Amino acid sequence: MSTNRVRLVVLIASIAMLVVGIGPRLYSVSAVPMPQTVVYTLQGQVYEGDTGVEPPNSSPIEGVVMSLYCSNNYAEQGTFLRSTTTDSNGWYGLDVYDTDVCEYFNIIETDPAGYYSVGCTTVGGNCVDYNWIEYAAPLEGQVLTGNKFWDKQQATATPTPT
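Calculation notes
Residues numbered from 1 in each chain as written. Predicted model: local features only at pLDDT ≥ 70, side-chain atom pairs only at ≥ 80, totals over all residues. Heavy atoms only, no water. Helix = DSSP H or I, 4+ residues; strand = E, 2+ residues; numbered from the N terminus. Buried < 20%, exposed > 50% of the residue type's maximum accessible area, 1.4 Å probe, protein only. Contact = heavy atoms within 4.5 Å. Areas by Shrake-Rupley, 256 points an atom, 1.4 Å probe, with all protein chains shown as cover. Salt bridge = Lys/Arg side-chain N within 4 Å of Asp/Glu carboxyl O. Pairing = 2+ DSSP bridges. Axes fitted to C-alpha atoms, helices over the stretch in contact; angles between N-to-C directions.

Caption draft 1: Spatial organisation of the overall build of the chain. A tally of helices and strands in the chain yields one helix and ten strands. Beginning at the N terminus, the succession of helices and strands in the chain can be written as α-β-β-β-β-β-β-β-β-β-β. Residues classed as buried in the chain amount to 31% of the 162 residues present. Partitioning the intrachain contacts of the chain with sequence separation of at least 6 by distance along the chain shows that 64% fall at a separation of at least 24. Roughly 10200 Å² of accessible area belongs to the chain as shown, and the carbon and sulfur atoms make up 55% of that amount.

Caption draft 2: The arrangement of the pattern of salt bridges in detail. Summed over the entire model, instances satisfying the criterion amount to three salt bridges. Here Lys152 makes a salt bridge to Asp50, at a shortest N to O gap of 2.5 Å. Taken as a pair, Lys152 in strand E10 (residues 147–153) and Asp50 in the loop between strand E1 (38–48) and strand E2 (59–60) lie far apart in primary sequence, 102 residues in all. The exposure class of Lys152 is partly exposed, given its relative accessible area of 28%. As a salt-bridge pair, Asp100 and Arg82 come within 3.0 Å of each other at their nearest N and O atoms. In this pair, Asp100 is assigned in the loop between strand E5 (91–97) and strand E6 (104–110) and Arg82 in strand E4 (residues 79–85), connecting sequence segments 18 residues apart.

Caption draft 3: Examining the sheet that holds E6 more closely. Read from one edge to the other, the open sheet built from five strands follows the order E4-E3-E6-E9-E8, with strand pairing classed as antiparallel. Strands at the two margins of the open sheet, each flanked by one partner only, are E4 and strand E8 (126–129). Within this sheet the neighbouring strands show an average axis-to-axis angle of 25°, counted without direction. Where E8 lies against strand E9 (residues 132–136), three bridges are found, and the strand directions are antiparallel. Looking at the pairing, Asp129 lines up with Trp132 of E9.

Scope: geometric values only; no functional claims are made or implied.
Spelled out as structure tokens, the structure:
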């Protein structure tokens, strides 16, 4: 077979491979994000009152910002993943996706305006401080509910009469 004929056969074979998608691409393809699947939900509630006291002797707080962070170091907040706010029952749920790979998952409560934190409790995690509950991976088999925070309203200064 002549050299030109071999080149022509290789060219035709290469074009055929490109058409059926088994050869190298000569154009760029934009990255399409892979769908994420929720595999766990870290959840709990935020109350106004003393630590450990639940309704009716405390009140749920609505609209509290709750955030999930990912860290590979113990007691280090890490990288922000996502956030949510509490509902009218003070409940929140922070989803963990199959693409979230962390050594530690950290739930962080942001005190609402006019409030300060007085405590937290958890069944499966660890209270690092009043605004922070940490879970060590893997989450499988751990209790991920019952992560509770308690806040109190800050005292407002009473004006002194003149």
